[in-house]
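Examination of the molecular architecture
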Amino acid sequence: MRALYIPLAVLAAILAFSLWTGQYVQQSTDVWTDALAESGEAARAEDWSAAAEHLEGAYRGWGGSQGFFHIIMDHAELDEVESLFAGALAVCQEQDEPDFHTLIAQLSAGLEMLAETQRFSLRNVL
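A brief look at the structure comes next. (Residues numbered from 1 in each chain as written. Predicted model: local features only at pLDDT ≥ 70, side-chain atom pairs only at ≥ 80, totals over all residues. Heavy atoms only, no water.)

1. Side note on the overall build of the protein chain
- A tally of regular secondary structure across the protein chain gives five helices and zero strands.
- Ordering the α and β elements of the protein chain from the N terminus gives α-α-α-α-α.
- Relative to its length of 126 residues, the protein chain is extended, with a C-alpha radius of gyration of 18 Å against a globular reference of 14 Å.
- Counting only C-alpha atoms and orienting by the principal axes, one finds that the protein chain spans roughly 70 × 25 × 20 Å.
- A buried classification covers 37% of the 126 residues belonging to the protein chain.
- The centroid of the 5 positive side-chain charges in the protein chain is displaced by 17 Å from the centroid of its 19 negative side-chain charges. (Helix = DSSP H or I, 4+ residues; strand = E, 2+ residues; numbered from the N terminus. Rg over C-alpha atoms; globule rule 2.2 N^0.38 Å. Buried < 20%, exposed > 50% of the residue type's maximum accessible area, 1.4 Å probe, protein only. Lys, Arg positive; Asp, Glu negative; His and termini not counted. Charge placed at Lys NZ, Arg CZ, Asp CG, Glu CD.)

Set out below in structure tokens:
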């Protein structure tokens, strides 16, 4: 019976880490998605400096999590979000409202997909 304690403890630690990771990714992407929504609202109001500020804030948060995200996630998905951020930042500088809103929507969807891949759900387990 004692031989089971170590494997069970390891499994419990893995489960706890997985649950924490899913929660951390969800909370992080929620913050960034909210900042992107605020950026979109500022762009609609033609306040491009505020739009850039919100977008850059989301990007700074994104950049701060990259080390950890590269450990737990598929790099192709992270690269896609990174390129969407770069595109949104460039279009924001150009003040191209239609393209900006398109990229913000794609970026929000990409962040939501990242969160979805880390959620504890039957779909992800199977």
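Having seen the model, we can carry on.
2. Topic: unusual backbone geometry
- Phi at Glu-46 is positive, roughly 60°, even though this residue is not glycine.
- By the element assignment, Glu-46 lies in the loop between helix H1 (5-44) and helix H2 (48-72).
- Glu-46 gets classed as exposed once you look at its relative accessible area, which sits at 61%.
- Phi at Gln-95 takes a positive value of approximately 60°, unusual for a residue other than glycine.
- Note on placement: Gln-95 falls in the loop between helix H3 (75-94) and helix H4 (97-118).
- On the basis of relative accessibility, which here comes to 48%, the residue Gln-95 falls in the partly exposed class.

3. Considerations on the pattern of salt bridges
- Going through the model one piece at a time under the given rule, you end up with three salt bridges.
- Put simply, Arg-44 and Glu-41 hold a salt bridge, and the shortest N to O gap is 3.6 Å. Taken as a pair, Arg-44 and Glu-41 lie in helix H1 at a separation of three residues, close to a single helical turn.
- The salt bridge partner of Arg-119 is Glu-112, with a shortest N-O separation of 2.5 Å.
- The class of Arg-119 is partly exposed, set by a relative accessible area of 29%.
- One network of salt bridges, in which partners are shared, links Glu-112, Glu-116 and Arg-119. (Salt bridge = Lys/Arg side-chain N within 4 Å of Asp/Glu carboxyl O.)

4. Re the packing of H1 against H2
- One way to put it is that H1 packs onto H2 with a least axis distance of 7 Å and a crossing angle of 165°. Regarding the angle of H1 to H2, the classification is roughly antiparallel. At the point where H1 passes H2, the crossing takes the left-handed sense.
- Split by residue class, the contact of H1 with H2 holds 18 nonpolar, six polar and one charged. (Axes fitted to C-alpha atoms, helices over the stretch in contact; angles between N-to-C directions. Parallel < 35°, antiparallel > 145°, perpendicular 65-115°, else oblique. Left-handed = near helix turned anticlockwise from the far one by under 90°. Nonpolar A, V, L, I, M, F, W, Y, C, P; charged D, E, K, R; others polar.)

5. Concerning the nonpolar core
- Leu-36, Leu-55, Trp-62, Phe-69, Phe-85, Phe-100 and Leu-107 are the most contacted members of the largest nonpolar core, which has 31 residues in total.
- Counting residues per element, the ones that place at least two in this core are H1, H2, H3 and H4.
- No other element matches the nine residues that H2 contributes to this core.
- Contact partners of Leu-107, with chain neighbours within four places excluded, come to Leu-36, Leu-55, Val-81, Leu-84, Phe-85 and Ala-88. (Core = buried A, V, L, I, M, F, W, Y, C linked by side-chain atoms within 4.5 Å. Contact = heavy atoms within 4.5 Å.)

6. As for the side chain of Thr-29
- Structurally, Thr-29 is set in helix H1.
- Not counting the four nearest positions on each side in its chain, Thr-29 is found in contact with Leu-111 and Ala-115.

7. Details of a negative patch on the surface
- Among the surface-exposed residues, Asp-74, Glu-77, Asp-79 and Glu-80 lie close enough to one another that they form a single negatively charged patch.
- When you line up the elements, Glu-80 lands in helix H3. (Patch = residues over 30% accessible without salt bridge, like charges linked within 9 Å, V, L, I, M, F, W, Y side chains within 5 Å. Areas by Shrake-Rupley, 256 points an atom, 1.4 Å probe, with all protein chains shown as cover.)

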